[in-house]
Every structure is written in C-alpha cells, then in structure tokens.
Amino acid sequence: CSLAADNLRRACAYRDRRGRHRQPEWGRGERYQPSYNKGPQSFGPVLLSRRHLQQDADSSERVLMDMRWGLVPSWFRNDDPSKLQFNTSNCRSDTMLKKSSYKGALLKGKRCVVLADGFYEWQQQQSGGKQPYFIYFPQPKDARDEGMEGDEEWKGRRLLTMAGIFDCWEPPAGGETLYTYTIITVDASKDVSFIHHRQVRAGKGAAGMPAILDGDEAIRKWLDFAEVPTQEAIKLIQPTENIVFHPVSTFVNNIRNNTPECVAPIELGAKKEIKATPSNKVMLGWLKNSQEGSPQKKENDLPKWTSQFIHSPSPKKTSADILQQWLGQQREPAAKKRK
C-alpha cells in the first residue's frame, strides 16, 4: 500500500471490544516495503489478532505484521521454505478446509486481513494476449491523498481488505520464525466476471478473485478467532459487488516494473472512452504526491492476479502526464461498476 508505516496504522484504526478508538501497533514493521507491483514470495502488510502474539491479550485487539506472501505450513520439515512443492499464494474457499496446507492453520484461528490498495486481474483477449485491470474499493469524494495529523478518523483513501490465512514456520535446525500468508479466493463477482471467471486447469489450482471483507464489522469477525468460531467466520467469505476498476497498461505484466504507470488508467481503443470518476481522482492524488525511488523487485512468474501494494515513490513525469491527459477528457468510462 502506498501509505508510510505510520499512516498505515492510522488507516487501520478501529474500536476494540470496549469501544475504545485504537490504532494497531506494528510487529517487525521495519521490514515493511510498499510497492506498486507485488508478486508471490514478497512481503506485505497484514492485520491479525494480538492474541496470536500475546496469549493474555484481548482477542479484539489488532496488530500489523509484514508477512511473506505464500503460506509455508508449520509442519513443513525442509530447511528451505522455498522448496515447498506446491503454490500456496492463493487458497480456494471451497477447498480450504480440505487441504492440509490450510486446514490446520484455519482451525487454529490463524486468520488475517491482507491490506492493499487493490489488485490486478487479466482478461483473455481474442488476439491471444491479456488485458490487465486494476480493481479496488470505491473512494469517498472527500478522501484526501493522505490523512491529516490530528484527525480523529482517517480521511485518506480506503484500503482493500482481503481475507487470508497465515501460519508460522520454524526452521528444523533453529532460527527465526517465518510468518507467511495465503489469500482466500472466491468466484468472480458479477461486476468483474467479464474480466475473468474461475477456470480449473489440469495441474493448477483454480484462480478466482480475492475474498474481500467489506467493512470493519466483517474485519472484526474474521480476526477475532476467540469470539467467532471458524464455521461462523467462513460465512464472511463471499464475492462482493462493492468494487470499481479500470484498465491499465501491460507495463504491469513485468514484476520489475515498479512505478505509478502500473496503476495509471488507459484507453482501450478509440471507441472506448474514459472520464474521471471520484475514485479515480483520488488515485491521481496518490500518484501526484508520491515520492521518487520506487524499489525494483526481482522478476517472478505472475499469478492469475496479484495484490497491489502501492507506496510513496513519486511518479515519473510521463506517468503523471498520462493520468492528467486521461482525467482531462471527461468522457464515458470504459469500465465502471455496474448497478
């Protein structure tokens, strides 16, 4: 996510069981490295109940941790977690209680919320190529690029909150515990089904869209494993219609590309015109106010979709020009939320 560590805490503010306004504290926050283009095996921010780290803590209290994407089960006995023979970046909701990689952790209440500004989805083209889209929560009209210090409530952009499962792996020979997570997927909602629908392919898990938790009550129930049992919590895992999206450049297809151009809206063709919307105006603010120096990531095979963690690196002039030109057109959107 594009927020600095402190602002991320403020964006994740909540009320605990006693109704007190709280901000989650960071655990190992020094590893937090936001990005425009994340792939599996990279680290990203997640929320979890404090009781996972402190047994006598109130289970409604939340903490932030920087975890690696791609769950490594606690029972894995190889000294090298990268030797895991199967892909655990995504976890299908209809099989998560059947797969040994996820079942144990889920039944132990190891539920987390993966934080992002949005995620990418690729639409298969008749030409054989794939057109990427960026999908995210609608943004309030009065949302600011950054919340102001002293605000009682966060007034910045709304982060996408995705349901996940985490686990803790300890090296057999001893060493630091590795915290990893997987993102639960569901069938595509009606709004994005034209982009991509789950398809089962031989030898590969079926791809779907992330299970999005819409609102703090859903987040509370998913995280509070001591009060909300597993069977009740999994009822929250449903497709959501409360999302918007726009097409982006195939520039994002290369994981090494880590600049604002990854999320900049584009025109798909002369007959498909785009105009600014409140949500996209907020995005323009993100990119205009970001800072230079976006870290370049190691190239990796892209999954069917990848979560989008945006940080503060400033857009190159060309990226800002692309966005400004797009927002100045004031015409019909090529892709918008259907009612």
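First things first, this report covers the structure right here in the doc. (Residues numbered from 1 in each chain as written. Predicted model: local features only at pLDDT ≥ 70, side-chain atom pairs only at ≥ 80, totals over all residues. Heavy atoms only, no water.)

## Regarding the layout of surface pockets
Formally: Cavity means a closed set of points on a 1 Å grid over the protein atoms alone, one where a 1.4 Å probe fits but cannot get out, pocket means an open set with protein on both sides within 12 Å along at least 5 of 7 lines, and lining means a residue has an atom within 4 Å of a point. Grid points are joined across faces, edges and corners, and a volume is the space filled by probe spheres set on the points. Secondary structure is summarised from DSSP: a helix means a run of H or I of at least four residues, a strand means a run of E of at least two, and numbering begins at the N terminus for each. Each residue gets one label: Ala, Val, Leu, Ile, Met, Phe, Trp, Tyr, Cys and Pro are nonpolar, Asp, Glu, Lys and Arg are charged, and the others, such as Gly, are polar.
If you add up the space inside the second largest pocket, you get close to 640 Å³. Lining of the second largest pocket is provided by 26 residues; of these, A11, C12, A13, W154 and R158 occupy positions nearest its centre. Counting residues per element, the ones that place at least two in the lining of the second largest pocket are α1 (5-11), β1 (14-15) and α3 (216-223). Considering only residue class, the lining of the second largest pocket consists of 12 nonpolar, 4 polar and 10 charged.

## Let's talk about the packing of aromatic side chains
For the record, the criterion: Aromatic rings from Phe, Tyr and Trp, with only the six-membered ring used for Trp, were paired whenever their centres fell within 6.5 Å, and each pair was classed as stacked if the ring planes differed by under 30 degrees, edge-to-face if by over 60, and tilted otherwise. Here's how the labels work: a residue is buried when its accessible area is under 20% of the maximum for its type, exposed when over 50%, partly exposed in between, all with a 1.4 Å probe on protein chains only. A ring is scored as having a charge over it whenever the NZ atom of a lysine or the CZ atom of an arginine sits within 6 Å of its centre and within 35 degrees of its normal.
The full count for this structure, using the stated rule, is 5 aromatic pairs. With centroids separated by 5.7 Å and ring planes inclined at 50°, the aromatic side chains of Y120 and F134 adopt a geometry described as tilted. With Y120 in strand β8 (residues 118-124) and F134 in strand β9 (residues 130-136), this pair connects stretches of sequence that are 14 residues apart. For Y120, a relative accessible area of 0% puts it in the buried group. A ring pair is formed by F134 and Y136, whose centres lie 5.2 Å apart and whose planes are at 25°; its orientation type is stacked. Above the face of the W222 ring, R111 is positioned so that its terminal group lies 5.3 Å from the ring centre. Above the face of the F137 ring, R158 is positioned so that its terminal group lies 3.7 Å from the ring centre.

## Details of the nonpolar core
Applicable threshold: Among the buried residues, those of types Ala, Val, Leu, Ile, Met, Phe, Trp, Tyr and Cys that are joined through side-chain atoms within 4.5 Å form a nonpolar core. Contact criterion: two residues are considered in contact whenever any of their non-hydrogen atoms come within 4.5 Å of each other.
Residues L8, I165, Y181 and W222 are the most contacted members of the largest nonpolar core, which totals 57 residues. Every element with two or more residues in this core is listed here: β4 (43-49), β5 (62-69), α2 (100-107), β7 (111-116), β9, β10 (160-169), β11 (178-186) and α3. Of the residues forming this core, the biggest block, 6 residues, is contributed by β10. Residues contacting W222, with those up to four places away along its chain left out, are L106, R111, C112, V113, A163, G164, I184, L213, A233, I234, L236 and I237. Counting 10 residues, the second-largest nonpolar core is a separate cluster that includes Y36, Y120, Y136 and C262.

## Here we look at empty space enclosed by the protein
Throughout the structure, instances matching the rule amount to 1 cavity of 30 Å³ or more. In this structure, the largest cavity spans a volume of roughly 40 Å³. Forming the walls of the largest cavity are S59, S60, R62, I219, R220, L223 and D224. Sort the elements by how many residues they give to the lining of the largest cavity and α3 lands first, with 3 residues. Looking at the lining of the largest cavity, its residues break down into 2 nonpolar, 2 polar and 3 charged.

## What to know about the pairing of β8
Note the threshold: By this definition, two strands are paired if DSSP reports at least two bridges between them.
A large share of β8 lies buried, amounting to 6 of its 7 residues. Strand direction decides the pairing type here: β8 and β9, joined by 6 bridges, are antiparallel. Its bridge partner lying in β9, E121 is registered against Y133. The turn linking β8 back onto β9 is made up of 5 residues, and G128 within it adopts a positive phi angle of 105°.

## Some words on α2
Heads up, the condition is: The directions from the helix axis to the C-beta atoms are what the arc is built from.
Among all positions in α2, only S101, Y102, A105 and L106 are buried. Projected onto a plane normal to the axis of α2, the buried residues spread over an arc of 100° and lie on a single side. On its buried side, α2 packs onto β6 (90-92), β7, β10, β11, α3 and α4 (230-233). Positive backbone phi, approximately 80°, marks G109, located one or two places after α2.

## Section: α3
Those residues of α3 not exposed but buried are A218, I219, W222 and L223. Angularly, the buried residues of α3 cover 125° about the axis, an arc narrow enough to put them on a single face.

## Thoughts on the side chain of R62
Stated formally: Nitrogen and oxygen atoms within 3.5 Å of one another constitute a polar contact, given that in protein one can donate a hydrogen and the other can accept it, and given that sequence-neighbouring residues count only through two side-chain atoms.
Secondary-structure assignment places R62 in strand β5. R62 sits in the buried class, given a relative accessible area of 4%. Within the local environment of R62, its side chain forms a polar contact with the side chain of D216, the two groups lying 3.0 Å apart. If we ignore the near neighbours within four places in the chain, the residues touching R62 are Y14, P24, E25, L47, L48, R50, D216, I219, R220 and L223.

Any link to function would need more than the numbers given here.
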